[in-house]
Amino acid sequence: MIETKLQQAEKRYQELSDRLIHPDTFSNSSELQRLAKERADLETLVLKIKEYRKCTQEKEEAQAFLKGSDNEMKSLAQDELPRLDKKIIETEKELKRMLIPKDSNGEKNAIMEIRAGTGGDEAALFAADLFRMYSRYIEKIGMKTELIDSNSTEIGGFKEIVFLINSKGAYGKFRFESGTHRVQRVPRTEASGRVHTSAATVAVMPEVDEVEIQIRDSDLRIDAFCSSGAGGQSVNTTYSAIRITHLPTGIVAQCQDERSQLKNKAKAMKVLFARLQEKADLEARENLSATRKSQIGSGDRSEKIRTYNFPQNRVTDHRIGLTLYQLDKVIDGDLDEFIEALALAHQEELLKEVG
């Protein structure tokens, strides 16, 4: 399987090289740039393939000397074969990694939604804890956030909070956080000291450009309303908050974080585009066979992915079976071990598909 992919890459590289020197290509600057970029992206892979071919050829030559009558050459071949075997194995691993298809959304900004699930006020408080956890981690790794919309409770929780992670590669970094997060602890409102189980859902979506999804103006209903929550004198006095409904699907997005109606509309449209893309991606995944679905990267909000057990100071990610007894650090934004382990597990899944 891997040999077929290598041959396809070599063939495509040669096709691109031939087209780039064709006179017709020079008359079309956009086509010239496109072909040149694709060829440049393939060049590193092709150079590694050449290195792999050279090693395998040298191994065949060494094996041929072992069958000969020249004792000196036999001795040299025996000394050389272990080095060549090691080099071939290492090069094969590198080639497999290079053959993994790149996620076209991986370098994009991300929109994260955190919603309180089962558990009433305690679920809303847990949603606030998750928002604080992600905010601290995002700040620690040098990324930036922009609040889009929130619906807070009187005791400091969130029924829902939506924000943009405005940094290159944010979606690739956080995509595996999508799913149901479960908490086990004694709620503030529990007088008897019993441990309760509550949940919040997290959805991570790539920020989508308008050109990627076409929406007709007639498909939208746009409502303005008074914002609620923090915001100074404009709160409940000006119709600056915006709610946009996509009529064909019923998907709704809103923003009330800005004082400007135009800015709120622009942010709400970003969320709408992302939710429409999420819907399209979900439908596409459902059309794949069960064996092709990634258990790590499914992005399904309903899938229970992680449990935060406060009495035991334990956090468990159920997809990869990773348990850490340092919940206090994790909830304070120390997410590196989970983020890295999930990315590695996903890469290993993709490597299996490559060959």
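This section reports on the structure supplied with the text. (Residues numbered from 1 in each chain as written. Predicted model: local features only at pLDDT ≥ 70, side-chain atom pairs only at ≥ 80, totals over all residues. Heavy atoms only, no water.)

Structural notes on the side chain of Thr316
Among the structural elements, Thr316 can be located in strand β10 (residues 314–317). The class of Thr316 is buried, set by a relative accessible area of 10%. At a separation of 3.3 Å, a polar atom in the side chain of Thr316 contacts the side chain of Arg314. When near neighbours in sequence (up to four residues on either side) are disregarded, Thr316 contacts Ile305, Arg306, Thr307, Leu322 and Thr323. (Helix = DSSP H or I, 4+ residues; strand = E, 2+ residues; numbered from the N terminus. Buried < 20%, exposed > 50% of the residue type's maximum accessible area, 1.4 Å probe, protein only. Polar contact = N/O pair within 3.5 Å; in protein donor to acceptor, adjacent residues only side chain to side chain. Contact = heavy atoms within 4.5 Å.)

Some words on the pattern of salt bridges
This structure, assessed with the given rule, holds 30 salt bridges. A salt bridge links Arg83 to Glu58, with the shortest nitrogen-to-oxygen separation between them at 3.9 Å. Separated by 25 residues along the polypeptide, Arg83 in helix α4 (residues 71–99) and Glu58 in helix α3 (residues 29–66) bring together distant segments of the chain. Using a relative accessible area of 26% as the deciding quantity, one classes Glu58 as partly exposed. Of the charged contacts, one joins Arg185 and Glu122 as a salt bridge, the two residues approaching to 2.4 Å between their closest N and O atoms. Linking Arg185 in strand β4 (residues 179–185) with Glu122 in helix α5 (residues 120–140), this pair joins segments that are 63 residues apart in sequence. Here the two residues Arg185 and Glu122 agree in accessibility, since each one is buried. Salt bridges sharing common partners tie together Arg12, Glu15, Arg19, Glu31, Arg34 and Glu38. (Salt bridge = Lys/Arg side-chain N within 4 Å of Asp/Glu carboxyl O.)

Quick notes on α5
With 21 residues, α5 should reach 30 Å at 1.5 Å per residue; the first-to-last C-alpha distance of 31 Å fits that figure. Directly after α5, the chain includes Gly142, whose backbone phi takes a positive value near 85°. (Expected span 1.5 Å × (residues − 1).)

Side note on the packing of aromatic side chains
Under the definition given, this model contains five aromatic pairs. Look at Phe126 and Tyr308: their rings are 5.4 Å apart centre to centre, the planes differ by 65°, and that puts the pair in the edge-to-face class. Here Phe126 is found in helix α5, whereas its partner Tyr308 is found in strand β9 (residues 304–309), with 182 residues between them in sequence. With a relative accessible area of 0%, Phe126 lands in the buried category. Taken together, a centroid distance of 6.4 Å and an interplanar angle of 80° make the contact between Tyr134 and Phe174 edge-to-face. Note that Tyr134 is positioned in helix α5 and Phe174 in helix α6 (residues 170–174), a separation of 40 residues in sequence. The class for Tyr134 is buried, based on a relative accessible area of 0%. Members of the aromatic cluster, joined through ring pairs, are Phe131, Phe158 and Phe163. (Phe/Tyr/Trp six-rings, centres within 6.5 Å; stacked < 30°, edge-to-face > 60°.)

Topic: the packing of α3 against α4
Viewed as axis vectors pointing N to C, α3 and α4 meet at an angle of 155°, and their least axial separation amounts to 8 Å. Between α3 and α4, the angle falls in the class roughly antiparallel. In the packing of α3 onto α4, the handedness of the crossing is left-handed. Tallied by class, the residues present in the contact of α3 with α4 amount to 15 nonpolar, five polar and 10 charged. (Axes fitted to C-alpha atoms, helices over the stretch in contact; angles between N-to-C directions. Parallel < 35°, antiparallel > 145°, perpendicular 65-115°, else oblique. Left-handed = near helix turned anticlockwise from the far one by under 90°. Nonpolar A, V, L, I, M, F, W, Y, C, P; charged D, E, K, R; others polar.)

Structural notes on the environment of Lys11
Along the chain, Lys11 turns up in helix α1 (residues 2–20). According to the relative accessible area criterion, Lys11 is exposed, its value standing at 55%. Sequence spacing of Lys11 and Val46 is 35 residues, and the spatial spacing of their C-alpha atoms is 9.9 Å.

Section: the sheet that holds strand β2 (residues 145–152)
The sheet built from eight strands is open, its strands ordered β2-β3-β1-β5-β4-β9-β10-β11 with mixed pairing. Sheet topology places β2 and β11 (322–324) at the edges, where each strand pairs with a single neighbour. The sheet shows a mean angle of 15° between the axes of neighbouring strands, direction not considered. Relative to strand β5 (residues 196–206), β4 runs antiparallel, the two sharing seven bridges. Its bridge partner being in β5, Gly179 is matched across the sheet by Val202. Contacting β1 (110–116), β2, β3 (158–165), β4, β5 and β9, α5 runs over the sheet at an angle of about 110° to β4. (Pairing = 2+ DSSP bridges.)

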